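Each chain, letter by letter, is given below.
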Amino acid sequence: MYRTHTCGELRLDDVGRRVTLAGWISRIRDLGGIRFLILRDRYGETQLVVTPDSPAYGEAENLGREFVVKASGEVKMRPKDTVNPKLPTGEIEVYVDELTILSPSKMPPFYPGEEAKEDLRLRYRYLDIRGGRVLRNLELRHEVAKSVRKYLNSKGFLEVETPYLTKSTPEGARDFLVPSRLKKGSFYALPQSPQLFKQILMISGVDRYYQLARCFRDEDLRADRQPEFTQIDIEMSFVEREDILNLVEGMIRNVFKETIGVSLPERFDRLSYEDAMNLYGSDKPDRRFGMEITDLTEFFRDTKFKIARNILDNGGISKGFIIPSFADRMSRRLGDEFSAFVKDYGLGGIVWFSVKNGINSPTKKYLFKEYEGISKSLKLNEGDVVVVAFHGNWEELCNGLGALRLKIGKEYFPHLGKGFDALWVVDFPFLEWDGEESRWVARHHPFTMPVLEDLDKYRDDPGKIKALAYDIIINGYEVGGGSIRIHNREIQEKVFSLIGLTKEEALEKFGFLLDAFEYGAPPHGGIALGLDRLVAIIAGEKSIRDVIAFPKTASGICQLTGAPSRVDERQLRELGIRVEVKE
Ligand code: ASP
């Protein structure tokens, strides 16, 4: 028998018992000839003691850190002054009389649980996971998945698997392709999401579907994305938007309660896209920092300040926000830094003033009256700073100020970024203009139901069409998104034509869906939530890489296996593929 107990299990009650433990040696100390070993496994750590008169003493001298051993001996109470209150097993130790090395270890490039560079952690992921932090995250991830399944199962959902080798069902990203051997020259695509399959399942009468589905998107990996990631994918028939929002709220509330004991509100706020942009300058607002953005255009109606005058005369607007109690920290230099920051978002810069014994500002000479008007009307407090910007384009202005607001929140008010804030953003625009391709594209995806009246009303201004789409936002992260779907061929064809697909292209790509719509498609809708992000938020981890067992680097490389890699000539020949690498 390898073990009678785990390394996290023994307590005072076990004193006097003979036990056998197995695990990794995490620390070795030698105190006056007595060897103290810390033995670690997934469940915890236990102190082993090997005295010079123990038959195991010889073997104990051969040990190194991260050796795998099996140790037997008697559980004893630790002397009072050596009790370790931080360790659940800290009141006991095991006096070892039998020790077997099951597997030696080389000197590791870093010790599990200790700091190391990320590429090293990913290359030796087993050492990293063994260290505990990632292991705890994997346990949490398991609990989250379990809670999701339990909840959805209790609501009558059916877990159905959909294919990984499939036809491309675009969500706006590039597909990963898999060459077919039997049909040379043809390719499968790995699913960007099970979108069309889950819709087909609704037409099949499945009624309530979910899947913890792996999705694949070949994008240039921005900050914290993975080429493959997991979605909690959900679809329901005979539902309206509120039905889905309520169901998902219940699920998220359950997950938080069951995994970390946090109670989220009974109902999450619903904010329209427009309000979210106006108030927070983002369609995924982190509301925890306060500092709502306000329209300030009216205060500059008669301004003579040239830059503002020009912008407002050309139909532009002004917005700004208050940074509370910031006057002492605000400076010309910081104002310049903020200006430079918003320039990246297409804005010209910002102006600012503070309230401290009256109004202070580098632009006081030009804008005193305006600042005074703002100060009175917004009832500013002593110490407040107001940041103001002018711009011709509403969306850019919102985005620029929103990004600045978040930067200031995170840098100067990090204590506010604690806890959890979950909300819905709804009433998204249906389309967005893709400058590169010079055409309208679906903001969510083209299977989303547009607001039907808008479809006719804004024929000449399609940017104004709204969608029955919604996102769930937690702490400023878009944790999930979904929509009510189109379930009718005519509307679907109209939408395809709106986004510039020809009839032939639409048939070629989505003919099977259009056909299915003609055999009794129920009204339906759904959502997908990013499991990786959700777990990272619950775990308090910044990066989703820390909640994924074997993540890829930002350049899409698996450090552990070295994938992607070249393949055999023979494999390529079988596929009818010749590779020409252009350096
Ligand atoms: N398939 C969508 C996505 O992956 C989610 C949905 O509409 O259900 O973003």
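The following refers to the structure shown. All values reported here derive from a predicted model rather than from experimental measurement.

**Re the sheet that holds strand β4 (residues 68-77)**
Thinking step 1. Taken in spatial order, the 5 strands line up as β1-β2-β3-β5-β4 and close into a barrel, and their pairing is mixed. On average, each strand axis in the sheet is tilted by 55 degrees relative to the strand beside it, whichever way the strands run.

**As for empty space enclosed by the protein**
Thinking step 1. Enumeration according to the criterion identifies 1 cavity of 30 Å³ or more in this entry.
Thinking step 2. Estimates place the volume of the largest cavity at around 40 Å³.
Thinking step 3. Of the residues in the lining of the largest cavity, the class split is 5 nonpolar, 1 polar and 1 charged.

**Considerations on the environment of Lys407**
Thinking step 1. By the secondary structure assignment, Lys407 is in helix α11 (residues 394-412).
Thinking step 2. In this structure, the C-alpha to C-alpha distance between Lys407 and Phe341, residues 66 residues apart in sequence, is 9.4 Å.
Thinking step 3. With near-sequence residues (within four places) excluded, Lys407 lies in contact with Glu337, Phe338 and Phe341.
Thinking step 4. Within the structure, the side chain of Lys407 is placed 3.3 Å from the side chain of Glu337, a separation counted as a polar contact.

**Observations concerning the site of the ligand**
Thinking step 1. The environment of the ligand is formed by 14 residues, the closest being Gln195, Lys198, His444, His445 and Arg485.
Thinking step 2. The separation between a nitrogen atom of the ligand and a polar side-chain atom of Ser193 is 3.2 Å.
Thinking step 3. Gln231 places a side-chain nitrogen or oxygen 3.0 Å from an oxygen atom of the ligand.
Thinking step 4. Taken together, the elements giving at least two residues each to the shell around the ligand come down to α5 (195-203), β21 (477-484) and β22 (524-530).
Thinking step 5. Tallying contributions element by element places β22 first for the shell around the ligand, with 3 residues.

**Looking at the nonpolar core**
Soluble globular proteins: nonpolar side chains tend toward being buried together.
Thinking step 1. Leu152, Ile232, Ile234, Ile252 and Leu529 are the most contacted members of the largest nonpolar core, which has 75 residues in total.
Thinking step 2. Considering every element that reaches this core, the biggest residue donor is helix α6 (residues 241-260), with 8 residues.
Thinking step 3. Within the second largest apolar cluster, 24 residues are counted, among which are Phe338, Ile350, Trp352 and Tyr412.

**Brief notes about the sheet that holds strand β16 (residues 385-391)**
Thinking step 1. Taken together, the 5 strands give an open sheet; going across it, the order is β12-β13-β16-β14-β15, and neighbouring strands pair in antiparallel fashion. Unpaired on one side and paired on the other, β12 (293-295) and β15 (359-360) mark the two borders of the sheet.
Thinking step 2. Relative to β16, strand β14 (residues 351-355) runs antiparallel, the two being bridged by 4 bridges. In the sheet register, Val351 faces β16, and the bridge partner there is Val388.

**Brief notes about helix α9 (residues 332-343)**
Thinking step 1. The end-to-end C-alpha distance of α9, which contains 12 residues, comes to 17 Å, matching closely the 16 Å that a straight helix rising 1.5 Å per residue would cover.
Thinking step 2. Of all the positions in α9, only Leu334, Gly335, Phe338, Ser339 and Val342 are classed as buried. Down the axis of α9, the buried side of the element spans an arc of 145 degrees, and every buried residue falls inside it. Residues of α9 that are exposed and angled more than 90 degrees away from the buried face: Arg333 and Asp336.
Thinking step 3. On its buried face, α9 sits against β13 (317-323), β14 and α11.

**Things to note about the pattern of salt bridges**
Thinking step 1. Summed over all chains, the structure comprises 51 salt bridges.
Thinking step 2. Arg439 is paired through a salt bridge with Glu437; the nearest N and O atoms lie 2.8 Å apart.
Thinking step 3. Look at Arg439 and you get partly exposed, because its relative accessible area is 28%.
Thinking step 4. Several salt bridges converge on common partners, so that one network encompasses Arg121, Arg125, Asp128, Arg133, Glu541 and Asp546.

**Here's the deal with the packing of helix α13 (residues 489-498) against helix α14 (residues 503-517)**
Thinking step 1. The contact between α13 and α14 brings their axes to 10 Å, and the two run at 160 degrees. Judged on the interaxial angle alone, α14 and α13 are roughly antiparallel. The element α13 and its partner α14 pack so that their crossing is right-handed. Packed against α13, whose contacting residues are Arg489, Gln492, Glu493 and Phe496, the element α14 presents Ala506, Leu507, Phe510, Leu513, Leu514, Asp515 and Phe517 at the interface.

**Examining the pairing of strand β5 (residues 92-103)**
Thinking step 1. Note that strand β3 (residues 44-50) and β5 share 2 bridges and pair parallel. The partner of Val49 across the bridge, within β5, is Tyr95.

What counts as what
Position numbers for residues start from 1 in each chain and track the written sequence from start to end. In view of the model being predicted, local features appear only for residues whose pLDDT reaches at least 70, and side-chain atom pairs are presented and counted only at 80 or more, with totals across whole chains, interfaces and linings using the full set of residues. Hydrogens and water molecules were not included; the side-chain quantities draw on all heavy atoms of the structure. Two strands qualify as a pair provided that DSSP identifies no fewer than 2 bridges between them. Numbering goes from the N terminus for both helices and strands, where a helix is a DSSP run of H or I of at least four residues and a strand is a run of E of at least two. Angles run from 0 to 180 degrees between N-to-C directions of axes, and those axes are lines fitted to C-alpha atoms, restricted for helices to the stretch in contact. A cavity here means a set of points on a 1 Å grid, drawn over the protein atoms and nothing else, where a 1.4 Å probe fits but cannot get out; a pocket is an open set with protein on both sides within 12 Å along at least five of seven lines, and a residue lines either one if it has an atom within 4 Å of a point. Grid points are joined across faces, edges and corners, and a volume is the space filled by probe spheres set on the points. Gly falls in the polar group here, along with every residue not listed as nonpolar (Ala, Val, Leu, Ile, Met, Phe, Trp, Tyr, Cys, Pro) or charged (Asp, Glu, Lys, Arg). The contact criterion used is simple: two residues touch if any of their non-hydrogen atoms lie within 4.5 Å. We define a polar contact as two N or O atoms separated by no more than 3.5 Å, with the added condition that, inside protein, one atom must be a possible hydrogen donor and the other a possible acceptor, whereas residues neighbouring each other in sequence contribute only through side-chain atom pairs. It suffices for a single heavy atom of a residue to lie within 4 Å of a molecule or strand for the residue to be listed as near it. Nonpolar cores are built from buried Ala, Val, Leu, Ile, Met, Phe, Trp, Tyr and Cys residues. Side-chain atoms within 4.5 Å join them into one set. A simple rule labels every residue: compare its accessible area, found with a 1.4 Å probe on the protein chains alone, to the largest value its type can have, and call it buried under 20%, exposed over 50%, or partly exposed in between. Working rule for helices: expected span equals 1.5 Å times residues minus one. By definition, the arc is the one covered by directions from the helix axis to the C-beta atoms. When a carboxyl oxygen of Asp or Glu lies within 4 Å of a side-chain nitrogen of Lys or Arg, that pair is called a salt bridge. Any angle between 65 and 115 degrees counts as roughly perpendicular, while under 35 counts as roughly parallel, over 145 as roughly antiparallel, and the rest as oblique. By convention, the crossing between two helices is left-handed when the near helix turns anticlockwise from the far helix through less than a right angle, and right-handed when the turn is clockwise.

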